[in-house]
Amino acid sequence: SEWVPLWGFLALVSLFQVIPDAFLASVLGTLVFPETGGPRIGKVPLAMAGMWTIPLWVSLFTARQLDQGSLYRGLWIAALVCGVVLASSEATLWAVPIWEAAEGVTTVGRVAVYVILPEVLLGAVTYLAYHLSRERSWAAKGAVAGLVALVYLGALCASYGLVERVL
């Protein structure tokens, strides 16, 4: 009975995830969205406004099923599952093509190194945001969903600075 409310919350998160995607593509130039002919928001395909729902739903639904009522256990599970799901997406979806790391970005295979830890953090933060907002109004859920995207963006920027500029 929880999967529908979870899906709704994650749809809001996914809408806000266009912000980090646009920053990576337009400001840092580390993310490329190949031309597919569809509508765009700047350099980001409009489809990306819903694309994040899928991996986040898998991550959070799995965590909610395995958390045994423990917030901390759920945070760890969501973080690990999200890291695996998103790294797998990074490694394979360039072939579709949906997105890919720009030339010059440090990668392992097709996975940009700087995104790995922020994607793990995204799982934990999204899980916590859902946990804290699931009994709240849709306006509150929207505000929390926006905060998830901003935390993710901050983590991406910090990780980019460490991996691409320091190391």
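Shown above is the structure to which this text applies.
Keep in mind it's a predicted model, so treat the numbers as computed, not measured.

A. The arrangement of the overall build of the protein chain in detail. Within the protein chain, the secondary structure is distributed over seven helices and six strands. Starting at the N terminus and walking to the C terminus, you meet the elements of the protein chain as α-α-β-β-β-α-α-α-β-β-β-α-α. With respect to the principal axes defined by its C-alpha atoms, the protein chain has extents near 45 × 35 × 25 Å. When burial is assessed residue by residue, the protein chain has 43% of its 167 residues classed as buried. Entry remark: accessible area of the protein chain is about 8400 Å², with carbon and sulfur atoms responsible for 69%. Charge centroids of the protein chain, computed over 9 positive and 10 negative side chains, lie 7 Å from each other.

B. Examining a nonpolar patch on the surface more closely. Judged by side-chain polarity, Trp3, Val4, Trp7, Ile54 and Val58 come together as a nonpolar surface patch covering roughly 480 Å² of accessible area. Sorting the residues of the nonpolar patch by element identifies α1 (3-16) and α4 (53-66) as the ones contributing at least two each.

C. Structural context of helix α5 (residues 71-92). Its 22 residues give α5 an end-to-end C-alpha distance of 31 Å, which sits within 8% of 32 Å, the value for a rise of 1.5 Å per residue. Taken together, the buried residues of α5 touch α4, β6 (111-112) and α6 (116-133).

D. Inspection of the packing of α1 against α6 at higher detail. The N-to-C vectors of α1 and α6 enclose an angle of 120°; their axes lie 11 Å apart at closest approach. As far as their axial angle goes, α6 and α1 are oblique. By crossing handedness, the relation of α1 to α6 is classed as right-handed. Here α1 contributes Pro5, Leu6, Phe9, Leu10 and Val13 to the contact with α6, which in turn contributes Thr126, Ala129, Tyr130 and Ser133. When its residues are assigned to classes, the contact of α1 with α6 shows seven nonpolar, two polar and no charged.

E. Spotlight on unusual backbone geometry. The step from Val96 to Pro97 runs through a cis peptide bond, and the omega angle for that step is -10°. With a phi angle near 50°, Gln68 is a residue other than glycine that sits in the positive phi range. With respect to the secondary-structure elements, Gln68 resides in the loop between α4 and α5.

Rules of the game
Residues numbered from 1 in each chain as written. Predicted model: local features only at pLDDT ≥ 70, side-chain atom pairs only at ≥ 80, totals over all residues. Heavy atoms only, no water. Helix = DSSP H or I, 4+ residues; strand = E, 2+ residues; numbered from the N terminus. Buried < 20%, exposed > 50% of the residue type's maximum accessible area, 1.4 Å probe, protein only. Areas by Shrake-Rupley, 256 points an atom, 1.4 Å probe, with all protein chains shown as cover. Lys, Arg positive; Asp, Glu negative; His and termini not counted. Charge placed at Lys NZ, Arg CZ, Asp CG, Glu CD. Patch = residues over 30% accessible without salt bridge, like charges linked within 9 Å, V, L, I, M, F, W, Y side chains within 5 Å. Salt bridge = Lys/Arg side-chain N within 4 Å of Asp/Glu carboxyl O. Expected span 1.5 Å × (residues − 1). Contact = heavy atoms within 4.5 Å. Axes fitted to C-alpha atoms, helices over the stretch in contact; angles between N-to-C directions. Parallel < 35°, antiparallel > 145°, perpendicular 65-115°, else oblique. Left-handed = near helix turned anticlockwise from the far one by under 90°. Nonpolar A, V, L, I, M, F, W, Y, C, P; charged D, E, K, R; others polar.

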